Amino acid sequence: LRSHKKGATLKGMLSILDEIGYNVVPVEVLKAIYYKVPQKRERLIVVGIRKDINIKFEYPKPYNTIYNLSDALKKGKLYDTDVPKSKGSKYPENKKVVLDLVPQKGYWRDLPLNLQKEYMGKSFYLGGGKTGMARRIGWDEPSLTLTCSPAQKQTERCHPDETRPFTVREYARIQTFPDDWKFMGSVSQQYKQIGNAVPCNLGKEIGYSIISFLNKYYLKSNKLEDSISLDKAI
(Lines give C-alpha, C1' and ligand atoms only; values in the text may rest on other atoms or scores of the structure.)
Protein backbone atom coordinates (compact mmCIF):
# COMPACT_ATOMS: atom_id res chain seq x y z
CA LEU A 1 0.00 0.00 0.00
CA ARG A 2 2.90 2.35 0.69
CA SER A 3 4.35 1.82 -2.78
CA HIS A 4 1.12 1.33 -4.80
CA LYS A 5 1.08 3.88 -7.63
CA LYS A 6 4.22 5.39 -6.09
CA GLY A 7 2.38 6.22 -2.87
CA ALA A 8 -0.54 8.01 -4.56
CA THR A 9 -3.14 5.48 -3.34
CA LEU A 10 -2.24 5.90 0.33
CA LYS A 11 -1.95 9.66 -0.08
CA GLY A 12 -5.48 9.74 -1.50
CA MET A 13 -6.83 7.72 1.43
CA LEU A 14 -5.20 10.06 3.94
CA SER A 15 -6.52 13.09 2.06
CA ILE A 16 -10.09 11.81 2.32
CA LEU A 17 -9.68 11.16 6.05
CA ASP A 18 -8.40 14.73 6.41
CA GLU A 19 -11.42 16.10 4.54
CA ILE A 20 -13.90 14.35 6.81
CA GLY A 21 -12.26 15.60 9.99
CA TYR A 22 -9.47 13.27 11.01
CA ASN A 23 -5.79 13.81 11.68
CA VAL A 24 -3.94 10.64 10.73
CA VAL A 25 -1.25 9.39 13.09
CA PRO A 26 2.03 8.77 11.20
CA VAL A 27 1.39 5.52 9.34
CA GLU A 28 3.36 2.51 10.56
CA VAL A 29 3.93 -1.02 9.29
CA LEU A 30 3.75 -3.37 12.28
CA LYS A 31 5.50 -6.75 12.23
CA ALA A 32 3.22 -9.39 13.70
CA ILE A 33 6.09 -11.50 15.12
CA TYR A 34 6.66 -8.76 17.73
CA TYR A 35 3.07 -9.01 18.98
CA LYS A 36 2.75 -12.67 20.05
CA VAL A 37 2.07 -13.95 16.53
CA PRO A 38 4.10 -16.96 15.30
CA GLN A 39 4.21 -15.61 11.76
CA LYS A 40 6.35 -13.23 9.72
CA ARG A 41 3.50 -10.99 8.65
CA GLU A 42 3.53 -7.22 8.16
CA ARG A 43 0.46 -4.99 8.12
CA LEU A 44 0.13 -1.27 7.52
CA ILE A 45 -1.96 0.39 10.21
CA VAL A 46 -3.81 3.69 9.74
CA VAL A 47 -5.18 5.44 12.85
CA GLY A 48 -7.30 8.57 12.51
CA ILE A 49 -8.00 10.96 15.41
CA ARG A 50 -10.82 13.51 15.32
CA LYS A 51 -9.34 16.96 14.80
CA ASP A 52 -10.94 18.37 17.94
CA ILE A 53 -8.99 15.90 20.12
CA ASN A 54 -5.47 16.97 21.00
CA ILE A 55 -4.05 13.79 22.57
CA LYS A 56 -1.14 11.77 21.24
CA PHE A 57 -1.84 8.21 20.07
CA GLU A 58 0.89 5.65 20.70
CA TYR A 59 1.23 2.40 18.76
CA PRO A 60 1.59 -0.79 20.81
CA LYS A 61 5.12 -1.46 22.00
CA PRO A 62 6.69 -4.69 20.68
CA TYR A 63 7.33 -7.70 22.90
CA ASN A 64 10.79 -9.24 23.20
CA THR A 65 9.63 -12.86 22.83
CA ILE A 66 9.33 -14.31 19.31
CA TYR A 67 6.98 -17.30 18.99
CA ASN A 68 7.53 -20.11 16.50
CA LEU A 69 5.52 -22.77 14.71
CA SER A 70 5.82 -25.17 17.63
CA ASP A 71 4.22 -22.53 19.89
CA ALA A 72 1.36 -22.25 17.40
CA LEU A 73 0.58 -25.93 16.85
CA LYS A 74 1.62 -27.60 20.10
CA LYS A 75 0.61 -27.19 23.74
CA GLY A 76 2.76 -24.51 25.32
CA LYS A 77 3.03 -20.76 25.74
CA LEU A 78 0.30 -19.71 23.30
CA TYR A 79 -2.21 -22.56 23.60
CA ASP A 80 -3.25 -25.02 26.33
CA THR A 81 -3.61 -27.95 23.91
CA ASP A 82 -2.20 -29.29 20.66
CA VAL A 83 -3.94 -28.00 17.54
CA PRO A 84 -7.30 -29.70 16.89
CA LYS A 85 -7.68 -31.98 13.89
CA SER A 86 -9.42 -30.49 10.86
CA LYS A 87 -9.76 -30.62 7.10
CA GLY A 88 -7.10 -29.26 4.80
CA SER A 89 -5.84 -29.08 1.25
CA LYS A 90 -3.49 -31.62 -0.31
CA TYR A 91 -0.65 -31.25 -2.77
CA PRO A 92 -0.99 -32.88 -6.18
CA GLU A 93 1.21 -35.98 -6.41
CA ASN A 94 3.83 -34.35 -8.68
CA LYS A 95 4.33 -31.54 -6.15
CA LYS A 96 4.37 -33.92 -3.20
CA VAL A 97 7.19 -35.92 -4.79
CA VAL A 98 9.27 -32.73 -5.01
CA LEU A 99 8.45 -31.43 -1.53
CA ASP A 100 9.28 -34.82 -0.01
CA LEU A 101 12.91 -33.96 -0.80
CA VAL A 102 12.87 -30.55 0.93
CA PRO A 103 14.15 -30.55 4.56
CA GLN A 104 12.75 -28.47 7.42
CA LYS A 105 13.45 -24.76 6.87
CA GLY A 106 14.46 -25.61 3.30
CA TYR A 107 13.12 -24.49 -0.08
CA TRP A 108 13.61 -25.14 -3.80
CA ARG A 109 17.38 -24.53 -3.71
CA ASP A 110 17.72 -27.61 -1.49
CA LEU A 111 16.54 -29.80 -4.39
CA PRO A 112 18.93 -31.51 -6.84
CA LEU A 113 19.87 -29.11 -9.65
CA ASN A 114 17.89 -30.94 -12.32
CA LEU A 115 14.75 -30.81 -10.13
CA GLN A 116 15.33 -27.13 -9.37
CA LYS A 117 15.23 -26.33 -13.08
CA GLU A 118 12.25 -28.58 -13.73
CA TYR A 119 10.21 -27.27 -10.80
CA MET A 120 11.02 -23.59 -11.21
CA GLY A 121 10.85 -23.44 -15.00
CA LYS A 122 11.70 -19.99 -16.37
CA SER A 123 11.78 -18.60 -12.81
CA PHE A 124 15.02 -20.54 -12.26
CA TYR A 125 16.89 -18.10 -14.51
CA LEU A 126 15.39 -14.93 -13.03
CA GLY A 127 16.84 -12.93 -10.13
CA GLY A 128 15.70 -13.02 -6.53
CA GLY A 129 15.69 -15.73 -3.92
CA LYS A 130 12.02 -16.80 -4.25
CA THR A 131 12.40 -18.39 -0.82
CA GLY A 132 8.65 -19.03 -0.53
CA MET A 133 8.65 -21.60 -3.31
CA ALA A 134 8.81 -25.29 -2.35
CA ARG A 135 9.21 -24.06 1.25
CA ARG A 136 8.97 -26.34 4.28
CA ILE A 137 8.56 -24.45 7.57
CA GLY A 138 10.66 -25.48 10.59
CA TRP A 139 9.25 -26.06 14.07
CA ASP A 140 11.66 -23.57 15.63
CA GLU A 141 10.85 -20.60 13.37
CA PRO A 142 7.78 -18.43 12.78
CA SER A 143 5.72 -19.31 9.73
CA LEU A 144 6.08 -17.20 6.61
CA THR A 145 3.06 -15.04 5.78
CA LEU A 146 0.01 -17.20 5.18
CA THR A 147 -1.87 -16.69 1.92
CA CYS A 148 -5.45 -17.38 0.88
CA SER A 149 -4.45 -20.56 -0.95
CA PRO A 150 -2.01 -22.83 0.94
CA ALA A 151 -0.98 -24.98 -2.03
CA GLN A 152 -0.22 -22.40 -4.72
CA LYS A 153 3.23 -22.63 -6.27
CA GLN A 154 4.54 -19.18 -5.42
CA THR A 155 3.91 -19.45 -1.69
CA GLU A 156 4.08 -23.03 -0.44
CA ARG A 157 3.95 -23.38 3.31
CA CYS A 158 4.65 -27.09 3.86
CA HIS A 159 4.18 -28.77 7.25
CA PRO A 160 7.50 -29.51 9.02
CA ASP A 161 7.06 -33.29 9.29
CA GLU A 162 4.33 -34.20 6.82
CA THR A 163 4.37 -33.30 3.14
CA ARG A 164 1.11 -31.34 3.06
CA PRO A 165 -0.16 -27.78 3.48
CA PHE A 166 -1.30 -26.62 6.91
CA THR A 167 -4.87 -27.58 7.77
CA VAL A 168 -7.62 -25.02 8.38
CA ARG A 169 -7.16 -25.16 12.18
CA GLU A 170 -3.37 -24.99 11.83
CA TYR A 171 -3.84 -21.92 9.63
CA ALA A 172 -6.09 -20.42 12.30
CA ARG A 173 -3.56 -21.13 15.07
CA ILE A 174 -0.77 -19.43 13.10
CA GLN A 175 -3.08 -16.40 12.79
CA THR A 176 -3.75 -16.70 16.59
CA PHE A 177 -7.47 -17.36 16.30
CA PRO A 178 -9.04 -19.14 19.31
CA ASP A 179 -9.81 -22.82 18.70
CA ASP A 180 -13.54 -22.24 19.24
CA TRP A 181 -13.73 -19.65 16.44
CA LYS A 182 -15.80 -21.12 13.60
CA PHE A 183 -15.17 -20.56 9.90
CA MET A 184 -18.00 -21.13 7.43
CA GLY A 185 -18.22 -22.27 3.83
CA SER A 186 -16.03 -24.66 1.87
CA VAL A 187 -12.46 -25.49 2.92
CA SER A 188 -11.09 -23.11 0.27
CA GLN A 189 -13.39 -20.33 1.54
CA GLN A 190 -12.22 -20.95 5.09
CA TYR A 191 -8.58 -20.69 4.02
CA LYS A 192 -9.42 -17.40 2.32
CA GLN A 193 -11.12 -15.98 5.42
CA ILE A 194 -8.14 -16.86 7.60
CA GLY A 195 -5.50 -15.84 5.08
CA ASN A 196 -7.06 -12.39 4.60
CA ALA A 197 -7.30 -11.71 8.33
CA VAL A 198 -5.15 -9.50 10.49
CA PRO A 199 -3.67 -11.81 13.18
CA CYS A 200 -5.89 -11.71 16.27
CA ASN A 201 -3.06 -10.99 18.71
CA LEU A 202 -1.85 -8.07 16.60
CA GLY A 203 -5.38 -6.69 16.39
CA LYS A 204 -5.75 -7.08 20.14
CA GLU A 205 -2.60 -5.03 20.81
CA ILE A 206 -3.84 -2.26 18.51
CA GLY A 207 -7.17 -2.40 20.35
CA TYR A 208 -5.40 -1.99 23.70
CA SER A 209 -3.62 1.10 22.35
CA ILE A 210 -6.95 2.57 21.27
CA ILE A 211 -8.47 1.85 24.69
CA SER A 212 -5.48 3.54 26.35
CA PHE A 213 -5.97 6.56 24.10
CA LEU A 214 -9.71 6.75 24.87
CA ASN A 215 -9.06 6.48 28.61
CA LYS A 216 -6.72 9.49 28.38
CA TYR A 217 -9.36 11.36 26.38
CA TYR A 218 -12.20 10.68 28.84
CA LEU A 219 -9.98 11.42 31.84
CA LYS A 220 -9.04 14.76 30.31
CA SER A 221 -12.69 15.49 29.43
CA ASN A 222 -13.87 14.71 32.96
CA LYS A 223 -11.16 16.94 34.48
CA LEU A 224 -12.24 19.75 32.17
CA GLU A 225 -15.90 19.32 33.15
CA ASP A 226 -14.97 19.29 36.85
CA SER A 227 -12.95 22.46 36.36
CA ILE A 228 -15.87 24.20 34.61
CA SER A 229 -18.27 23.08 37.38
CA LEU A 230 -15.88 24.42 40.02
CA ASP A 231 -15.60 27.76 38.25
CA LYS A 232 -19.37 28.06 38.13
CA ALA A 233 -19.65 27.20 41.83
CA ILE A 234 -17.13 29.92 42.70
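Before any of the text, the structure's been laid out above.
Criteria and cut-off values
Residues numbered from 1 in each chain as written. Predicted model: local features only at pLDDT ≥ 70, side-chain atom pairs only at ≥ 80, totals over all residues. Heavy atoms only, no water. 1 Å grid on protein atoms, 1.4 Å probe; cavity = no way out; pocket = protein on both sides within 12 Å on 5 of 7 lines; lining within 4 Å. Points joined across faces, edges and corners; volume = space filled by probe spheres on them. Helix = DSSP H or I, 4+ residues; strand = E, 2+ residues; numbered from the N terminus. Nonpolar A, V, L, I, M, F, W, Y, C, P; charged D, E, K, R; others polar. Buried < 20%, exposed > 50% of the residue type's maximum accessible area, 1.4 Å probe, protein only. Contact = heavy atoms within 4.5 Å. Arc of directions from axis to C-beta. Salt bridge = Lys/Arg side-chain N within 4 Å of Asp/Glu carboxyl O.

> Hey, could you run me through the layout of surface pockets in this one?
In this approach the atoms are scanned with a rolling probe the size of a water molecule, which exposes any empty space left behind. Taken as a whole, the largest pocket holds about 240 Å³ of empty space. The computed volume of the second largest pocket comes to approximately 210 Å³. The set of elements that each furnish at least two residues to the lining of the second largest pocket consists of β5 (48–50) and α7 (200–233). A per-class count over the lining of the second largest pocket returns 13 nonpolar, one polar and one charged.

> Got a minute to help me understand the environment of Thr 155 in this structure?
Mapped onto the secondary structure, Thr 155 falls in the loop between β6 (143–144) and α5 (168–174). Using a relative accessible area of 16% as the deciding quantity, one classes Thr 155 as buried. Along the chain, Thr 155 and Tyr 208 lie 53 residues apart, while their C-alpha atoms are 32 Å from each other. Not counting chain neighbours up to four residues away, the residues in contact with Thr 155 comprise Gly 132, Thr 147, Ser 149 and Pro 150.

> Looking at this structure, I do not really get helix α6 (residues 187–195). What am I missing?
Structural remark: α-helix, 3.6 residues per turn; residues separated by three or four positions point the same way. Listing the buried residues of α6 in full gives Gln 190, Tyr 191, Ile 194 and Gly 195. In an axial view of α6, the angular spread of the buried residues amounts to 130°, which keeps them on one side of the axis. On the buried face of α6, the contacting elements are α5.

> Please clarify how the pattern of salt bridges should be interpreted in this entry.
Going through the model one piece at a time under the given rule, you end up with 10 salt bridges. We note a salt bridge from Glu 58 to Lys 61, for which the minimum N-O separation is 3.7 Å. With a relative accessible area of 38%, Glu 58 lands in the partly exposed category. The shortest N-O distance in the salt bridge between Lys 96 and Asp 100 comes to 3.5 Å. Note on Asp 100: relative accessible area 41%, which makes it partly exposed.

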